[in-house]
Amino acid sequence: MIAIYHGWIEQINRNYTDPIERQRAVGITTMLLVMLALWFISLFVFIAPLLTSNTSIPVEAAVTFIALPMIFYGIHRLIQSGDLRWGRYAFIGIVTLSCYLYMFGGLDTGYIILLAVSLITAGLILEERELLVFLVAFNLIAFLITYNIRLQDGDVQSHITILILLVMTSILVIFLLRVFAGSTHVLVRQGQKGVQRMGLMGNFNVDLAKARDENGAMMALSNLLNERLLYSYIQLHLFDNNRKLLTHVRTGVGTRYSVTSTDLNTVAESAFKVALDTRRPVVITPQDPPVRRLHLLPSMKYGMIIPLIYSGSETIGLLDIQSNNLDFPFTTSEQALLEMVGQDFVTRLKYIRETAVLNQILSERNEVANRLEKQIAKLTQQFEQSSGNDWREYIESRGANAFGFNIQRDDMLITPANDLPDNLRTALASGELVVQAAGKGQVINVPIILRGVVLGAMEFAVPKNYVIGERQKDMVQIVAQRLALALENARLIEQSRSQADREHTASEVANILIGQQDLSSLLDVAAESFNEALGAIYTHIYLEPDVKLSEFVNGEAR
């Protein structure tokens, strides 16, 4: 029996998601089992003795007693199938019918007490409107039954007393149930509504997190307030960079917001001004003065203005929520929820704006970096080309196409060498390390490369039994790289010194020339200075005015 009962409860938990309806369904199912147990007890305690003593049983009582198990089963099937509404009605009907059957046995105070059972049952499982209909029907049927009984007895005064007591008892019981048990239902409903609101807030935060621009954040806010919380109309008033208030209104499902300039009412009592000045939400009701209701649409009855404040200091706009509900929609808990919604929206909106600014800065810096990379690549290419040309010019300036040196291991003397062995030609042509057998030894030919330009090559002669592996090859190439850098450094120093000498000589010549006072002496000194500085054999200086041509050779006029 217990296993069957648990199976019924599991079925109820699957069919009913509302906690109040689930509790009522479990209660009715439990009471049906209790009433069925009482039916069996009554069968053996009351009915069986009457049948054995040949005592007559009223037809109404017998039919009712036989029909009770079937009625219990019908109510049980309604509850198990998820039809709680008709299951409640049937259960209250069977309880009330039991009270009416007791009335046919006579009227006394026990009858009033029994009626309280039916009233309490109705007060616990019926809604307010259903309970009102039940109360009227209950008293009307009870009145008809008592009226019929008292007319037969002829006791009108007693009938009136019982009737008054019946009405007062029913009203008092219902009143007490609604005051105490009814408030419990209200609290449960409010708690359930709060849980639903928190679920909506969770979904709202997810939608906000997905928003990549301001329009997406506004769409998430509109979906929550219009489609989930079912407020009639909302609009956003956001300040731009010039502190001008712009109104954003959703123009349709899935569309962007239309943006218009807002003429902020300067009247001190207007809802906008009060919200901005006090930095607190303002609720508008039909009892507020007209100046407070200027921004409401004609069909709207209630409104709420929420200032959008970031980090407790920066006001970025206002959230205007309007409703045409007949009942006041902005309860204390609802106001707290809407303030939380506004704060979450502000946080996301500021994040989107700051991210957009950072992305813009990053994009600009990437563009600059790309331009610099291109310039660096171009300069590197030019430098590599100029490096090869510089070395070519440098070698040619020494009066030869190439020059080299030999180092003997015995005496470690460095001797100039202008010849280019064939082995080195191979390394120069390929730009790669070449190992060749030569007589009793091995020759390692490695190119000297600087920034992709082959400057020359080196040749090492090692014994024949010397093992040349990858490690030795790497070492040789590293030495060649170091040599390339050292050669470049030496060339730059030599050219710098040469340039400095030229500049020094030029400065000396310039100082000598500046000290001359007449033209002839100047030209004579210039010719001599140029001969000494440049190593010239003779110097010609020509002056060509418009009319006269003068020629000086080694300072003498011709």
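Residues numbered from 1 in each chain as written. Predicted model: local features only at pLDDT ≥ 70, side-chain atom pairs only at ≥ 80, totals over all residues. Heavy atoms only, no water.

> Help me understand the pairing of strand β6 (residues 314-323) in this model?
Within a regular strand, the side chains alternate between the two sheet faces. Counting buried positions over the ten residues of β6 gives nine, a clear majority of the element. Both strand β1 (residues 233-239) and β6 contribute to a ladder of six bridges, which runs antiparallel. Looking across to β6, one finds that Leu238 is bridged to Gly317. Where strand β5 (residues 302-310) lies against β6, nine bridges are found, and the strand directions are antiparallel. What sits directly across from Tyr302, in β6, is Ser323. Linking β5 to β6, which pair antiparallel, is a turn of three residues; within it Ser311 sits at a positive phi near 55°. (Buried < 20%, exposed > 50% of the residue type's maximum accessible area, 1.4 Å probe, protein only. Helix = DSSP H or I, 4+ residues; strand = E, 2+ residues; numbered from the N terminus. Pairing = 2+ DSSP bridges.)

> How should I be thinking about unusual backbone geometry in this particular structure?
Trans peptide bonds make up most of the peptide bonds, and negative phi angles are found at most residues other than glycine. For Leu230, which is not glycine, the phi torsion reads 65° and is therefore positive. Topologically, Leu230 is positioned in the loop between α8 (214-228) and β1. Of the residues examined, Leu230 reaches a relative accessible area of 60% and is grouped as exposed. Even without being a glycine, Arg279 presents a positive backbone phi close to 55°. Along the polypeptide, Arg279 turns up in the loop between α9 (271-278) and β4 (282-284).

> Just to check I follow, could you spell out the sheet that holds strand β11 (residues 453-463) for this structure?
Hydrogen bonds between backbone groups are what pair the strands of a sheet, and the pairing can be parallel or antiparallel. Within the open sheet, the three strands sit side by side as β9-β10-β11. Their pairing is antiparallel. Each edge of the open sheet is held by one strand with a lone partner, namely β9 (434-438) and β11. Adjacent strand axes in the sheet meet at a mean angle of 25° when their direction is disregarded. Relative to the sheet, helix α12 (residues 470-514) contacts β9, β10 (441-450) and β11, its axis offset from that of β10 by approximately 45°. (Axes fitted to C-alpha atoms, helices over the stretch in contact; angles between N-to-C directions. Contact = heavy atoms within 4.5 Å.)

> Help me out: how do you make sense of the nonpolar core in this one?
For soluble globular proteins, nonpolar side chains are generally found buried alongside one another. Ranked by size, the top nonpolar core spans 33 residues in total, and within it Ile28, Ile79, Phe91, Ile94 and Phe134 carry the most contacts. At the level of secondary structure, the elements contributing two or more residues to this core comprise α1 (2-15), α2 (19-52), α3 (59-80), α4 (84-103), α5 (109-125), α6 (128-153) and α7 (156-210). Ranked by residue count, the leading element in this core is α2, at six residues. With residues near it in sequence (within four places) discarded, Ile28 still touches Ile75, Ile79, Leu84, Arg88, Phe91 and Ile125. Within the second largest apolar cluster, 31 residues are counted, among which are Met218, Leu224, Leu238 and Ile352. (Core = buried A, V, L, I, M, F, W, Y, C linked by side-chain atoms within 4.5 Å.)

> Is there a simple way to think about the pattern of salt bridges in this case?
Once their charged atoms are close, side chains differing in charge can pair, the charge on each being opposite to the other. If you walk through the whole model with that rule in mind, you get four salt bridges. Linking Lys350 and Glu314 is a salt bridge whose minimum nitrogen-to-oxygen distance equals 3.2 Å. Here the residue Lys350 occupies a position in helix α10 (residues 332-397), and Glu314 occupies one in strand β6, the gap between them amounting to 36 residues. The exposure class of Lys350 is buried, given its relative accessible area of 13%. Given the relative accessible area of 35%, Glu314 is considered partly exposed. (Salt bridge = Lys/Arg side-chain N within 4 Å of Asp/Glu carboxyl O.)

The analysis is restricted to geometry; functional conclusions fall outside its scope.
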